[in-house]
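# Inside the fold
Residue strings, one per chain:
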Amino acid sequence: RKLGIALVGLGKYSEGELAPALEKTTFCRLAGIVTGTPDKAETWKKKYDIPDKNVYNYKTFDKIADNPDIDIVYVVLPNSMHAEYVIRAAQAGKHVICEKPMALTSDECQKMIDACKKANKKLSVGYRLHFEPHNQEMMRLGQKEVFGKVNKIIAQNAQKQENDTPWRLGGGVGGGGPLRDVGIYCLQGAIYTKGQVPIAVTAKYHPITDPKKFAKVEEGVDFQLHFADGTVAECRTSYNDQYNKLRAEAAKGWFELDPAYQYDGLKGQTSQGKMNIENVPQQARQMDAFAECVLNDKPTTVPGEMGMRDVQLIEAIFQAAKTGTKVSTKAVQQILDPV
Ligand code: NAD
């Protein structure tokens, strides 16, 4: 039997990426939905052949505990709502995938991890690029030191943000901003390429060019991840620009992806030539990998602890940007990708 996934929050990512990806998965399928909008429920029920008994709203959500069709709850809500719904899903006895960033604070992350542990359920973060072959190649080249020791990383991710999802610019439930939303990919990319968690961070906010638009969230931020061996990852993120790159410079060559973090069309190159790697359906692979972990009772390679690691680093980056000081991150969770 394929494991049943219920998507919570039928916004852009669920509609445009996750639901279509669930038609390509081998070990899981779209079995249920949780939405506050009755019109959306009708459309999705028809489109994906979902029975009434597997349709919930935010008030009836906890009743999902009694539904054997649902094995995994996938939380795809605005960031500020992740903690509440992950904890409620765990309390309902379901395994959970939570979108990135895992939550707004590391305290919330800890509570989410604790709730899943208490319920004896697995918790994973929606880090699709860990299942994407170009990014896996960056992990291999960097961590195995194929071009020698990596001594510099450049990680940049910016997306022009209009007001189509107001929470991203701090409206409504808030919790957006480029660092949490897209800068997190730079953090991730730098860490899985270097194969280490940084010991300190420094950061500087970009000047605000549109005070009305960026009244509640940062417009952009440059941040540096300092690794124990002296390697620095130069990272940049913004809501007012467009770039998408991960590059490593090593003792005997370089390797890079540009674009690096998109859903499709990734391209890689090294100092020896093109990577020639195929693009794959990333989200289908990511969800299948988690379903396999559940089916075989194996740990996920992208656990809640990794989500918490990144939220701890984001907290440190905000602190560094606010204070203009170098902030130690030695207390951050030491979670890495095995290659
Ligand atoms: P979105 O705003 O399009 O969708 C959010 C959904 O939550 C909407 O359906 C909305 O109706 C629902 N919602 C319920 N209560 C709400 C409330 N009080 N306020 C606002 N919305 C409410 O956002 P999205 O782009 O789909 O992002 C959702 C999550 O997915 C975010 O955490 C985001 O970071 C993540 N995401 C991840 C990726 C990825 O590549 N892994 C890509 C895009 C988004």
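The numbering scheme is per chain: residues are counted from 1 as the chain's sequence reads. This being a predicted model, a pLDDT of at least 70 is required before a residue's local features are given, and a value of 80 or more before pairs of side-chain atoms are given or counted; all residues contribute to the totals for chains, interfaces and linings.

A word on the domain arrangement of the protein chain. When its domains are assigned, the protein chain resolves into domain 1 (3-126) and domain 2 (130-278 + 303-328). An automatic or database domain assignment supplies the start and end points of every domain. Averaged C-alpha coordinates put domain 1 and domain 2 at centres separated by 26 Å. A run of H or I in DSSP becomes a helix once it reaches four residues, and a run of E becomes a strand once it reaches two; helices and strands are each numbered from the N terminus. For the side of domain 1 that touches domain 2, the secondary-structure elements that each account for two or more residues are helix H1 (12-21), helix H4 (106-118) and strand E6 (123-125). In terms of residues, the side of domain 1 that touches domain 2 owes the most to one element, H4, which gives six residues. In this count, Pro and Cys sit with the nonpolar residues alongside Ala, Val, Leu, Ile, Met, Phe, Trp and Tyr, while Asp, Glu, Lys and Arg are called charged and the others, Gly among them, polar. Here the residues of the side of domain 1 that touches domain 2 sort into 13 nonpolar, six polar and three charged.

So, about the nonpolar core. Among soluble globular proteins, nonpolar side chains are generally buried collectively. Val 86 and Ile 317 are the most contacted members of the largest nonpolar core, which totals 94 residues. Tallying contributions element by element places helix H8 (residues 304-323) first for this core, with ten residues. Among the domains, domain 1 (3-126) and domain 2 (130-278 + 303-328) are the pair contributing at least three residues each to this core. The contact rule is simple: place each C-beta atom from the backbone, and if two of them lie within 7 Å, those residues are in contact. Dropping the residues within four chain positions of it, Ile 317 is found in contact with Leu 179, Val 201, Ala 203, Val 221 and Phe 223. We define a nonpolar core as a collection of buried residues of the types Ala, Val, Leu, Ile, Met, Phe, Trp, Tyr and Cys that are connected via C-beta atoms lying within 7 Å of each other. Exposure classification rests on a simple neighbour count of other C-beta atoms within 10 Å of a residue's own: a residue reaching 20 or more is buried, one at 12 or fewer is exposed, and one in between is partly exposed. C-beta atoms are placed from the backbone.

Buried residues of H1: Ser 14, Leu 18, Ala 19 and Ala 21, and no others. Down the axis of H1, the buried side of the element spans an arc of 150 degrees, and every buried residue falls inside it. Exposed and facing more than 90 degrees away from the buried side of H1 are Lys 12 and Gly 16. Check the buried side of H1 and you find it contacts strand E1 (3-8), strand E2 (28-34), helix H2 (38-48), strand E4 (72-75) and helix H7 (282-296). Think of it as the arc spanned by the lines of direction from the helix axis to the C-beta atoms.

On to the site of the ligand. Taken together, 20 residues lie near the ligand, and Gly 9, Gly 11, Lys 12, Tyr 13 and Glu 99 sit nearest. A per-element tally of the shell around the ligand places H1 first, with three residues. Formed jointly, the shell around the ligand draws a minimum of three residues from each of two domains, domain 1 (3-126) and domain 2 (130-278 + 303-328). For each residue, a C-beta atom is placed from the backbone, and the residue counts as near a molecule or strand when that atom lies within 6 Å of it.

Going from Lys 100 to Pro 101, the amide bond is cis rather than trans, its omega being -15 degrees. With respect to the helices and strands, Pro 101 occurs in the loop between strand E5 (95-98) and H4. Unusually for a residue other than glycine, Glu 145 sits at a positive phi of about 55 degrees. Locating Glu 145 in the fold gives a position in the loop between helix H5 (133-143) and strand E7 (150-158). Backbone geometry places Asp 297, a non-glycine residue, at a positive phi of 50 degrees. Following the sequence through the fold, Asp 297 ends up in the loop between H7 and H8. The exposure class assigned to Asp 297 is exposed, which follows from the 7 C-beta atoms found within 10 Å.

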